[in-house]
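Notes for the structure review
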Amino acid sequence: MQFVAASPLLVGVPGAALAQALLLPKDKLPKESFSDPLTWSPEDPSRLIKDPKEAINVFDFEPVMRQNVPPAHFGYLATGVDGERTLRANREGFAKFQLRPRRLIDVSQVDTSTTILGVRYETPIILAPIGFHKAFHDEGEIAVAKAARAGNHLQILSTVSTSGVEAVTAARGAPIWFQLYATNKWDIAKALVARAEKAGCPAVAVTVDEAGGRLLETQKRLALTDERKCSDCHDRSSPEAYFSRIPMLEGLKLTWALASSTMTWDFLKRLRDITKMKILVKGILTHEDAKLAANTGIDAIIVSNHGGRSEDSGRSTIDALPEIIEAVGGRMPVLIDSGFRRGTDIVMALAMGAQGVCVGRPYIWGLGAFGQPGVERVLELLREELRVAMMQVGAPSIRHLVPAMVRRA
Ligand SMILES: Cc1cc2nc3c(=O)[nH]c(=O)nc-3n(C[C@H](O)[C@H](O)[C@H](O)COP(=O)(O)O)c2cc1C
């Protein structure tokens, strides 16, 4: 062990240094290897915060949420697909870029407000659509909407939400966006879009990365550890029975799947004829598709790999962003999600040219850990980290975040 600890290969490797610190008695610590401060204040996943105010960063909520929710539900949130290459890549992708801090700029006042599709928002941090919030907390999407209201965030509601769009809009106290799983049945897509528009949604985000084939291995493994019977809560007697309990699908007689394996660009052209809402496409990952979206007259795109849940390409969204920004050439707003956990992550994407950043799992960690106050604190931490990161790069407002502030490492 002493040999390993003294190995020059390990110097400067936080994980290895941390492992050494935990294994060796304090009086045997080789001082020269411990310049990494994490050695002295290691993040300890077994130390659970008891109050949202104790959280130092958004990661503090995940172990608390894990303790509170059934293993199968935790698995539903945590999982990506296959061997989790894309899920990991989403976080590792940020290490491929560096920020270039600028100095001697007055950043005493930082304005994080921004305008997306003609509407001004206090912050570019958006709540990504996530299904089934009541699987994590009884108050589900309503608690999330109230937290989004407290922090003035735009919220995107999933087709498979556990509260209807009308109730969530009322709790948010302002228009929200609706995310559409179009299914393969035009009538169902049409009915969902009409209901969202009637509820006052100014925009619909059509998810295009769910063609029907995905293997949620981590979810399956965690579900095996759950001793409860899923059928006690979920009616799986038939697809129709299962789907009819989802508030947005009530009465729509969906008998097959939510996925849209037949969808092509024609679907989006057809959608344009039946709604005045702005149309976004969620799930774009290449410059080819970004160009097609712009040429099809789509109002905006969300660069997303569904948080590593739709394909295991191994490519992060932050890696894909530059080619997409270039292809779009300012013709429409580009939003992004997947793996965003830090203010610096958000600043990177905005500096590259994204207009908004959607965050997924972290606000559900807050919800599952403490309900509405947990979501509020997660969003507050992200806003605060964004403000500080903007000061660090010398950007007093969002429009001051420019591509020259980022370089490939
Ligand atoms: C549990 C879970 C459920 C999701 N449900 C939906 C959904 O219903 N519709 C959708 O378009 N995206 C859905 N997503 C994807 C998110 O909108 C978003 O793309 C992703 O969570 C962003 O990655 P992040 O979780 O790493 O922040 C879901 C993601 C998770 C983790």
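Not measured: the values here are computed from a predicted model.

The next thing to look at is the sheet that holds strand β8 (residues 278–284). Strands sit in the order β4-β11-β10-β9-β8-β7-β6-β5 across an open sheet of eight strands; the sheet is parallel. Each edge of the open sheet carries a strand with a single partner, namely β4 (125–127) and β5 (156–157). As judged from the two bridges shared by β5 and strand β6 (residues 177–180), these two strands associate in the parallel manner. Looking at the pairing, L157 lines up with F178 of β6.

This model, assessed by the stated rule, comprises seven aromatic pairs. Ring geometry for Y242 versus F243: centroids 5.4 Å apart, planes at 70°, classification edge-to-face. Among the aromatic residues, those joined into a cluster by ring pairs are Y76, F132 and F136. Sitting over the face of the ring of W186, R270 holds its NZ or CZ atom 4.1 Å from the ring centroid. Over the face of the ring belonging to Y76 we find R309, whose NZ or CZ atom lies 5.1 Å from the ring centre.

Attention shifts here to the pattern of salt bridges. All chains considered together, the criterion is met by 15 salt bridges. Across the pair R228 and D226 runs a salt bridge, and its minimum N-O distance is 3.1 Å. Residue R228 is classed as partly exposed on the basis of its relative accessible area, which comes to 44%. Residue D226 is classed as buried on the basis of its relative accessible area, which comes to 12%. Where salt bridges share partners, they join K96, R315, D319, E323 and R408 into one cluster.

Rules used throughout
Residues numbered from 1 in each chain as written. Predicted model: local features only at pLDDT ≥ 70, side-chain atom pairs only at ≥ 80, totals over all residues. Heavy atoms only, no water. Pairing = 2+ DSSP bridges. Helix = DSSP H or I, 4+ residues; strand = E, 2+ residues; numbered from the N terminus. Phe/Tyr/Trp six-rings, centres within 6.5 Å; stacked < 30°, edge-to-face > 60°. Lys NZ or Arg CZ within 6 Å of the ring centre and 35° of its normal. Salt bridge = Lys/Arg side-chain N within 4 Å of Asp/Glu carboxyl O. Buried < 20%, exposed > 50% of the residue type's maximum accessible area, 1.4 Å probe, protein only.

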